[in-house]
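What follows is each chain in one-letter form.
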Amino acid sequence: MTATLPLVAAVLVLAAGTFAFRFAGPALRARGAVPERLETVLAIGAIVLLVAVAVTGAVTEDGAAAGIARPAGVLVGGILAWRKAPFVVVILAAAATAAVLRLLGVP
């Protein structure tokens, strides 16, 4: 029971901090103007960060290279998503690509 108390406290503190950040954005938006160029750079930065996380997860496993099958599946899924295929089709095609390649012996 006492071991869970610090965990609950940490969750509550993180929840309060998250709420404060989420509330501060709209509340402080009217107080100052953000240049359009900065908004564009921040939007591009968010996209770059998401792509970096996706690529890292796709090409590495336990600190080593993940092989070819997983990145190939991610590539197929990325192309289908770019072509605006339905989400279910994107996921199933990516998984099927990786599974078939692994079935054929490709690492």
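A few points on the structure. Fair warning: this is a prediction, and the values are worked out from it, not measured in the lab.

Focus on the environment of Ala94
So, point 1. Following the sequence through the fold, Ala94 ends up in helix H4 (residues 87–103).
So, point 2. The spatial distance from the C-alpha of Ala94 to the C-alpha of Gly73 is 4.2 Å, given a sequence separation of 21 residues.

Quick look at the packing of helix H2 (residues 36–59) against helix H3 (residues 69–82)
So, point 1. H3 packs onto H2 with a crossing angle of 145 degrees between their chain directions and a minimal axis gap of 8 Å. Here Gly57, Ala58 and Val59 of H2 come into contact with H3, specifically with Arg70, Pro71 and Val74.
So, point 2. The residue inventory of the contact of H2 with H3, partitioned by class, reads four nonpolar, one polar and one charged.

What counts and how
Residues numbered from 1 in each chain as written. Predicted model: local features only at pLDDT ≥ 70, side-chain atom pairs only at ≥ 80, totals over all residues. Heavy atoms only, no water. Helix = DSSP H or I, 4+ residues; strand = E, 2+ residues; numbered from the N terminus. Axes fitted to C-alpha atoms, helices over the stretch in contact; angles between N-to-C directions. Contact = heavy atoms within 4.5 Å. Nonpolar A, V, L, I, M, F, W, Y, C, P; charged D, E, K, R; others polar.

Functional significance is not addressed by these values, which are geometric in nature.
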